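Here is how the chains run, residue by residue.
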Amino acid sequence: MYAWIWRKLPFGLAGKLIGALLLSAAAVALLWFVVFPWAEPLLPFDDVQVTQDSGVPGGDGGELTVPSVQPSEEEIPYSTETNNAPPTTPNR
């Protein structure tokens, strides 16, 4: 199909390149302004359902769990001061 279109475009190589660009732009515009707006209501992207139930049997029902103890700095395996921390050796 593309070879047939390329053969049918007039005015040599320059005309074929410009014609191919115009055909591509027309196809993108047709999709952007006609097809996608028509198809958007049919797609489930806006069908979001958020509930309080966590969906886990025996779960906490969506309640926020707050840790009772603040983590100490030793528990963080990376530096929060620099972006390029040197690699650490594992404890043996």
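For the structure itself, consult the block above.
No experiment lies behind these values; they were computed from the predicted model shown.

Cut-offs used in this document
Per chain, residues are indexed from 1 in the order of the written sequence. For a predicted model such as this one, the threshold for reporting local features is a pLDDT of at least 70, and the threshold for listing and counting side-chain atom pairs is 80 or more; totals across whole chains, interfaces and linings nevertheless cover every residue. To obtain the side-chain values, all non-hydrogen atoms of the structure were included, while hydrogens and water were left out. In DSSP terms, a helix is any run of H or I states spanning at least four residues, a strand is any run of E spanning at least two, and both are numbered starting from the N terminus. A simple rule labels every residue: compare its accessible area, found with a 1.4 Å probe on the protein chains alone, to the largest value its type can have, and call it buried under 20%, exposed over 50%, or partly exposed in between. Accessibility throughout is a Shrake-Rupley quantity obtained with a 1.4 Å probe, and a residue counts as covered only by protein chains that appear here. Like charges within 9 Å and nonpolar side chains (Val, Leu, Ile, Met, Phe, Trp, Tyr) within 5 Å are joined into patches, using only residues over 30% in relative accessible area that form no salt bridge. Definition used for salt bridges: Asp or Glu carboxyl oxygen within 4 Å of a side-chain nitrogen of Lys or Arg. Residue count minus one, scaled by 1.5 Å, sets the expected span of a helix. Here the bend at a residue means the angle between the axes of two seven-residue stretches, the one that ends at it and the one that starts at it. What makes two residues a contact is simply this: any of their non-hydrogen atoms within 4.5 Å. For the purpose of counting charges, residues Lys and Arg are taken to be positive, whereas Asp and Glu are taken to be negative. His and the chain ends are not included.

## A word on the overall build of the protein chain
Within the protein chain, the secondary structure is distributed over two helices and zero strands. Relative to its 92 residues, the protein chain shows a buried fraction of 5%. For the protein chain, the accessible surface area stands at approximately 9300 Å², while carbon and sulfur atoms represent 64% of it.

## Focus: a nonpolar patch on the surface
Judged by side-chain polarity, V28, L30, L31, W32, F33, V34, V35, F36, W38 and L42 come together as a nonpolar surface patch covering roughly 1100 Å² of accessible area. Within the secondary structure, V28 sits in helix α2 (residues 12-39).

## What to know about α2
In a regular helix each residue adds 1.5 Å, so 28 residues correspond to 40 Å; α2 covers 38 Å between its end C-alpha atoms and thus fits that length. If you look at α2, its biggest bend is around 35°, right at L31. Residues G15, K16, G19 and A39 constitute the buried set of α2. As for α2, its buried residues are in contact with α1 (2-8).

## Some details on the environment of L31
Here L31 lies in helix α2. In contact with L31, other than residues within four places in its own chain, are F36 and P37.

## A closer look at unusual backbone geometry
With a phi close to 70°, F11 is a non-glycine residue in the positive phi region. Residue placement: F11 occurs in the loop between α1 and α2.

## Description of the side chain of K16
Summarising the element assignment, K16 is placed in helix α2. E40 provides the closest opposite charge to the buried, salt-bridge-free K16, at an N-O distance of 38 Å. The residues contacting K16, other than those within four sequence positions of it, are W6, R7, L9 and P10.

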